[in-house]
Every structure is written in structure tokens, then in C-alpha cells.
Amino acid sequence: MVEEMCSTASEWVKICIKVVMGVFVVMILLCYAFTYEYSTFKRKPSPISRNIFDNETEFQNWWTTQEQRKLDIEKTCQKYGSSIQNNIKRNDLMHDRSHNLLFCRNAKVGTTTWLALFAKLSSSKKTYKSSKSLHNHVPHLFPFTKKDPDPKTLAQTTVSFSMVRHPFERLVSAYQDKIVDNASPGLFSNLVSKYGNFSFTKFVKAILSKGKSKCRRLSHCMMDRHYLPFISRCAYCSVPYAVISKAETFEEDKRFIGAMAGIQFEDIQKHKSSGGGTKELARKYFELLDRKTVDQLFEFYKVDFEMFGYSPEVYQTYAN
């Protein structure tokens, strides 16, 4: 009788142990699933169905690059904290409700091309024959209004994106287009009245001077938009863009941004300044600068360099 009772008790112990182990395993799996889903949501604030792509592997490779770009932004935001935290202005955003696109534009970073692409998406049949016409009219076709959710929320529910390029090449493009080609007479006259000529060296000196007086904090920078730091306009620490496009990967980025929105952007001739390719011009102009000036320029745009993975080294070697 005693042996039978002991045997029964032993069986119950075994059953209890199995039940407890089973519950433990289930809890571990549930915790893992919750953690994975949360981390996935945190990394990808704008989840997009990937079944719309013809080449899944190609998209995965591109998306991996996007994940790294956003991780670089997150690390830079953590490093500099509140000094680069700012709120975005409504008129810097374009919201295409029909195609669920949200675009923050930086000056001299392919903006004219993007405006031409957006113009093709609009219901307006108007044609725009100049860059000036595009900039004056197209943003008003896609306003970010007070009825829209706040930028952070909207960025998480749209195909939101912004575009950047190497900070020094951007400066060269701005100088060539706005000063040499005289696309902005006001900017040209101000430079001449203060510095006596319109050389690239004087242009850089003007930027450094304005940086000290009008951009003491990147979170509140009042410089001209053509050389305003990227972080000071598009608020990358506050707005979780789904895509960070770069001038160096523009065609690939454009194709996948379009695919995510369920559209195919047309091929459009890019806006070009005089003087040839920007990289060649950049070398020509940076050879006119001394190393100290280039280092000062890098220090001013340091956050942009770190945030978007660019290096000043080749331009430092150009300096005399």
C-alpha cells in the first residue's frame, strides 16, 4: 500500500515538473516574440509591405543600408542630445496625400529634381519651365497643414523621406549655382558689399562668420537655407523618416521610394550648374583654401558629417 502511494506521488511530481517546464518555455517564447516585435517597430517606424517589390533580395540589401543610416542618426542624436533637438517648420515638409508621401527638402540636395517628380504626381496639368517656377509653385500643391498629425506621427504612417549629400560638395554646388551663375542676385550682392568679391574663399569665410553669429546652436540656426546644416532644417532627431536618401544613391533610392508608395517615378533630367561635375569643382575650389579654414568648415558641419557617414579627409588633403 505504501509503495503504491509513493509510486503515485512520484508520478504526480513528474507531471507537475513537466507542466511547470512547459509554462516556463511558453513564457520565454512570448517574451521573445514581444521583444522582437517591439524592436522591429522601433527600428522601422513606417512598416511597409515588401510584397510589392520584384526583386526581394535587392530590396533587402537596400533596406539594410537604410537601417544603418537610421542607426547612425540615432547614435548621433544620443551623442549630442538637446543641442541638436529642434522642431521642424511646416513649410519645409511636402505631404502628398494621394500617394502617402512625406518629404522634407534640403536646399542644394536634388530638391529641384524631387519637385519636378512631385509635379508629375499632382492633379495640376501645369508645366514648369524653370527651377524657380518649380520652387515657387510645387510645394504649395502638397502642403503640410494644421489638419495633419504632428510630423513625428505622420512620418510613421507615410513613406517619409529626406535627402542629403556630402556637406562640402553641397557648398560647392550652392556657390556655383547661386553665386557664379547668379541664380540668387540678393545673396551675390550681400557677399560683394561685405567681402569685396565673390571668390569661393570669401564665400566660405562668410559662412563661417554667419555660423558664429546666427547659428550658435544647431537647434536654432538662422542661416540661409542653401548652406544651413541638414540637422537644423529637417529635425532628424525628432522626425523618424522611413528613408534617408543620398545624392550618391539617388537613382536606387528614388526607385524604392516609388515602389514603397506604389508608384513609378518618371526619369527626369537633373538640374545642373555650370562648371562641370561637382566633385571636380570641389577639388578645384578646396585647393584655394588653407587647411585651417577647411578644418573650421568641418567643425561647423561636424554633426552632418557624423550623422550621415561622410568624411572630410579628401578635402583636407586638397587644402594648401
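Procedures and definitions
- Residues numbered from 1 in each chain as written.
- Predicted model: local features only at pLDDT ≥ 70, side-chain atom pairs only at ≥ 80, totals over all residues.
- Heavy atoms only, no water.
- Pairing = 2+ DSSP bridges.
- Helix = DSSP H or I, 4+ residues; strand = E, 2+ residues; numbered from the N terminus.
- Axes fitted to C-alpha atoms, helices over the stretch in contact; angles between N-to-C directions.
- Salt bridge = Lys/Arg side-chain N within 4 Å of Asp/Glu carboxyl O.
- Buried < 20%, exposed > 50% of the residue type's maximum accessible area, 1.4 Å probe, protein only.
- Phe/Tyr/Trp six-rings, centres within 6.5 Å; stacked < 30°, edge-to-face > 60°.

**A word on the sheet that holds strand 4 (residues 243-246)**
Stage number 1. With mixed pairing, the four strands of this open sheet are ordered in space as 1-2-3-4. Each edge of the open sheet carries a strand with a single partner, namely strand 1 (93-96) and strand 4. The sheet shows a mean angle of 20° between the axes of neighbouring strands, direction not considered.
Stage number 2. Bridge count for strand 1 against strand 2 (residues 101-104) is four bridges, and the pairing is antiparallel. Note that in strand 2 the partner of M94 across the bridge is F103.

**Thoughts on the pattern of salt bridges**
Stage number 1. Enumeration according to the criterion identifies 14 salt bridges in this entry.
Stage number 2. Where K178 meets D177, a salt bridge forms, and the shortest distance between an N and an O atom there is 3.4 Å.
Stage number 3. Residue D177 is classed as buried on the basis of its relative accessible area of 7%.
Stage number 4. For D295, the salt bridge identified is with R291, shortest N-O distance 3.0 Å. With D295 and R291 both in helix 12 (residues 291-300) and four residues apart, this pair spans about one turn of that helix.
Stage number 5. Its relative accessible area of 28% is what places D295 among the partly exposed residues.

**Structural notes on the packing of aromatic side chains**
Stage number 1. Considering all chains together, one arrives at 29 aromatic pairs under this definition.
Stage number 2. Measuring from ring centre to ring centre gives 5.7 Å for F59 and F256, while their planes differ by 70°; the resulting arrangement is edge-to-face. Here F256 lies in helix 10 (residues 250-260) and F59 lies in helix 2 (residues 56-80), a separation of 197 residues in the sequence.
Stage number 3. Ring centres of F200 and Y285 lie 5.0 Å apart, and the angle between their planes is 20°; this geometry places the pair in the stacked category. Placement of F200 in helix 8 (residues 200-214) and of Y285 in helix 11 (residues 278-286) is noted, with a sequence separation of 85 residues between them.
Stage number 4. What makes F200 buried here is its relative accessible area of 1%.
Stage number 5. By relative accessible area, which is 8% here, Y285 ends up buried.

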